[in-house]
Amino acid sequence: MIGLISATAAGAAARDRLAAAWPERTRVYEGPVGDAVRTAFAQCEQLVCFLATGAVVRLLAPLLADKRTDPGVVCVDEGGRFAVSLVGGHGGGANELAREVGELLDAEPVVTTATDAVGVPGLDTLGFPVEGDVAGVSRALLDGEPVTLDTELAWPLPPLPVSDRGGAYIIRVTDRVVEPVEREVVLRPPSLVVGVGASKGAPVTEVLALISDALREAGLSRANIAELATVDAKSDEPGIVEAARRLGVPLVTCSAEELAAVEVPNPSDAPLAAVGTPSVAEAAALLRGGELLVPKRKSAASPAMATCAVVRRAARGRLAVVGLGPGARDLLTPRARAELRRASVLVGLDQYVDQIRDLLRPGTRVLESGLGAEEERARTAVAEACKGQAVALIGSGDAGVYAMASPALAEASDDIDVIGVPGVTAALAASAILGAPLGHDHVSISLSDLHTPWEIIERRVRAAAEADIVVTFYNPRSRGRDWQLPKALAILAEHREPTTPVGVVRNASRPDESSRVTTLLSLDPATVDMMTVVTVGNTATREIAGRMVTPRGYRWQEGAQ
């Protein structure tokens, strides 16, 4: 819950805007400001104070105890100009909250945490346990000192400005039991799955002792456990449920039929008779793949009432296919920005990389290539994700429209996570400039026959012409392809009047943008190039006050005539 505190009418107005936008997330604290801050600090995970930072500092000072547990606090000034992350930037989430509040209130977020300020991820904000000299290694990253990344365990980390030459500071990624040495940080991603089976009434102490013994003897860390897994029939077994709670991990259950289909080294008749599968512990741990590190073992009690097995699950790489929009920076979506900053590997066409290079975090590895290498870029991006990397594959417009999503997904198997990030297409950007030519049914057709035979393209153009659909032509004309656009326009002219409006937009949303509305008869194809999109209206499209408009319904048009 986010506590909201204000002292003045202006602060209350901004406070109420936040409360209205986040009714489930916020609670307003009324009354004397000091009392309100103290109460909210004790009851809430985060606070937004519409007060001067000095006043909030004095009120918070006697309340602060530990940055790992104190609420995150954001201050918004009286004029609503700034949202300042004051306390708990990382641990309390105040840095991200300041950005959210700033976006909602149109205020500038102010974040002074060193790593956030220069774009380096905080080692204690990666979402899994970290041990060792966090402050020292973070300072080395900020100061540009050589830091070595020792990945005993591949995992999709955000970009880190590490050195290939080695250095005095080390970031180690592992699930083994190791004691961090001087100037070392150990990151512990959730790589271990513990499969558990238990007889009815098995005590939680026995289950936990078994898991601890298994991990200790294998040299594995409890901090790397991602989940406990068992059969559905044991989903409410108190000893297993409580063990998951004490370990702080989810309990994942699977059907006996699913587990029976998993090949295991140590099947048994006992669980088959009891719950319908020859293996619970090993099968549950192995169900989603991985390396069996600890085969099934029984607890030390007599009689043994619990079994467990431990699997190291391979990291699933992450491939984000990101649409950059038509070119203008303010048409790049916030989600696209977030994915660009999250990726440790960026793959893209060199000219698109240049558009967003300044948004990348330090340490991002950039793999760029020239025109005509789409399939190669798709293969490269998928291959990097298969290594367990966090990858962003970029394209212009929307990633799924004549861009990189199709070739990437054709290459990708189900062992990586693929995230599509939509973008503003050239057709939409051009439509907004022209007016509203896409107000009714419309279609986009690429006139490039490099990958699609012209016979198929022509058939699609004829279908759109006969169906009276507004058409936006991508890739309309190049020096080597100068006849396709005239041919397509001639096909449309068989079904539409010469006065049909046609919109021509070049470099939509970019500094040298140009646009005009002409007619099907008057359009000179020689004025069109590959940076242009051409939108041809249907029989209902009109030019109104210099703008190209396709009515939403023909009845509306008929009524207006």
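Below: a short report on this structure. Computed from a prediction, not measured in an experiment: that's the story for all the values here.

Reading the values: rules and limits
- Residues numbered from 1 in each chain as written.
- Predicted model: local features only at pLDDT ≥ 70, side-chain atom pairs only at ≥ 80, totals over all residues.
- Heavy atoms only, no water.
- Salt bridge = Lys/Arg side-chain N within 4 Å of Asp/Glu carboxyl O.
- Helix = DSSP H or I, 4+ residues; strand = E, 2+ residues; numbered from the N terminus.
- Buried < 20%, exposed > 50% of the residue type's maximum accessible area, 1.4 Å probe, protein only.
- Contact = heavy atoms within 4.5 Å.
- Core = buried A, V, L, I, M, F, W, Y, C linked by side-chain atoms within 4.5 Å.
- Polar contact = N/O pair within 3.5 Å; in protein donor to acceptor, adjacent residues only side chain to side chain.
- Axes fitted to C-alpha atoms, helices over the stretch in contact; angles between N-to-C directions.
- Parallel < 35°, antiparallel > 145°, perpendicular 65-115°, else oblique.
- Nonpolar A, V, L, I, M, F, W, Y, C, P; charged D, E, K, R; others polar.
- Pairing = 2+ DSSP bridges.
- Left-handed = near helix turned anticlockwise from the far one by under 90°.
- Right-handed = clockwise from strand over helix to strand, strands pointing away.

1. Remarks on the pattern of salt bridges
Under the counting rule described, the total for this entry stands at 30 salt bridges. Measuring nitrogen to oxygen at the nearest pair gives 2.7 Å for the salt bridge that ties Arg38 to Asp35. Taken as a pair, Arg38 and Asp35 lie in helix H2 (residues 33-43) at a separation of three residues, close to a single helical turn. Using a relative accessible area of 40% as the deciding quantity, one classes Asp35 as partly exposed. A salt bridge links Asp150 to Arg172, with the nearest nitrogen and oxygen atoms 4.0 Å apart. Of this pair, Asp150 sits in strand S8 (residues 147-151) while Arg172 is found in strand S9 (residues 169-173), placing the two residues 22 residues apart along the sequence. On the accessibility criterion, Asp150 (30% relative accessible area) is partly exposed. Through salt bridges that share partners, Asp150, Glu152, Arg172, Arg176 and Glu184 make up one connected network.

2. Some remarks on the environment of Pro161
If you trace the backbone, Pro161 turns up in the loop between S8 and S9. For the pair Pro161 and Pro121, spaced 40 residues apart in sequence, the C-alpha separation works out to 9.7 Å. Setting aside anything within four residues of it in sequence, one finds Pro161 in contact with Val120, Leu141, Pro362 and Gly363.

3. Thoughts on the nonpolar core
Of all hydrophobic cores here, the largest spans 24 residues; its most connected members are Val194, Ile211 and Leu228. Of all elements in the fold, only strand S11 (192-198), helix H7 (204-218), strand S12 (225-231), helix H8 (238-247) and strand S15 (306-312) reach the threshold of two or more residues within this core. Of the residues forming this core, the biggest block, seven residues, is contributed by H7. Excluding residues within four positions of it along the chain, Leu228 makes contact with Val194, Val196, Ile211, Ile240, Ala243, Ala244, Leu247, Val249, Pro250, Leu251 and Val252. Judged by nonpolar contacts, the second largest core, of 21 residues, contains Val461, Ala465, Val471 and Val534.

4. A few points about the side chain of Ser138
Within the element layout of this structure, Ser138 appears in helix H6 (residues 134-143). Among the polar contacts listed, one links the side chain of Ser138 to the backbone oxygen of Val134, at a separation of 2.7 Å.

5. Things to note about the packing of helix H1 (residues 9-21) against helix H4 (residues 94-105)
Their axes nearest at 11 Å, the elements H1 and H4 cross at an angle of 105 degrees. Relative to H4, the element H1 is oriented roughly perpendicular. Facing H1, whose interface residues are Ala14, Arg17, Leu18 and Ala21, H4 presents Val101, Leu104 and Leu105. Of the residues in the contact of H1 with H4, the class split is six nonpolar, no polar and one charged.

6. A short note on the sheet that holds strand S16 (residues 318-323)
The sheet built from five strands is open, its strands ordered S18-S17-S19-S16-S20 with parallel pairing. Both outer strands of the open sheet, strand S18 (365-369) and strand S20 (417-421), are each paired with one neighbouring strand and no more. Taken over all neighbouring pairs, the strand axes of this sheet differ in orientation by 15 degrees on average, direction set aside. Across three bridges, the pairing between strand S17 (residues 345-349) and strand S19 (residues 390-395) is parallel.

7. A word on unusual backbone geometry
In this structure, the amide linkage connecting Ser302 to the following residue, Pro303, adopts the cis form with an omega of 0 degrees. Tracing the sequence through the fold places Pro303 in the loop between strand S14 (291-298) and S15. Residues other than glycine seldom take positive phi values, yet Asn475 does so here, at roughly 45 degrees. Considering the arrangement of structural elements, one finds Asn475 in the loop between strand S23 (470-474) and helix H18 (484-493).

8. Considerations on the packing of H7 against H8
Following both chains from N to C, one finds H7 and H8 inclined at 55 degrees, their axes separated by 8 Å at the closest point. Here H7 lies oblique to H8, going by the angle between them. The two elements H7 and H8 meet at a crossing, and its hand is right-handed. Here H7 contributes Val204, Val207, Leu208 and Ile211 to the contact with H8, which in turn contributes Gly239, Glu242, Ala243, Arg246 and Leu247. Split by residue class, the contact of H7 with H8 holds six nonpolar, one polar and two charged.

9. Section: the pairing of strand S13 (residues 251-254)
A regular strand places its side chains on the two faces of the sheet in alternate fashion. The side-chain alternation of S13 yields one buried face, formed by Val252 and Cys254, and one unburied face, formed by Leu251 and Thr253. Note: S12 against S13, four bridges, orientation parallel. In the sheet register, Leu228 faces S13, and the bridge partner there is Leu251. Assessed by its sense of winding, the connection that carries the chain from S12 through H8 to S13 is right-handed.

10. Structural notes on the pairing of strand S4 (residues 72-76)
The buried fraction of S4 amounts to five of the five residues, a majority that puts the element mostly inside the structure. Across the two faces of S4 the burial is the same, with Gly72, Val74 and Val76 and Val73 and Cys75 all buried. With four bridges joining them, strand S3 (residues 46-50) and S4 adopt parallel strand pairing. For Gln46, the partnering residue across the bridge sits in S4 and is Gly72. Direction of pairing for S4 relative to strand S5 (residues 82-87): antiparallel, over a ladder of four bridges. Residue Cys75 lies in a different strand from S5, and its bridge partner there is Val84.

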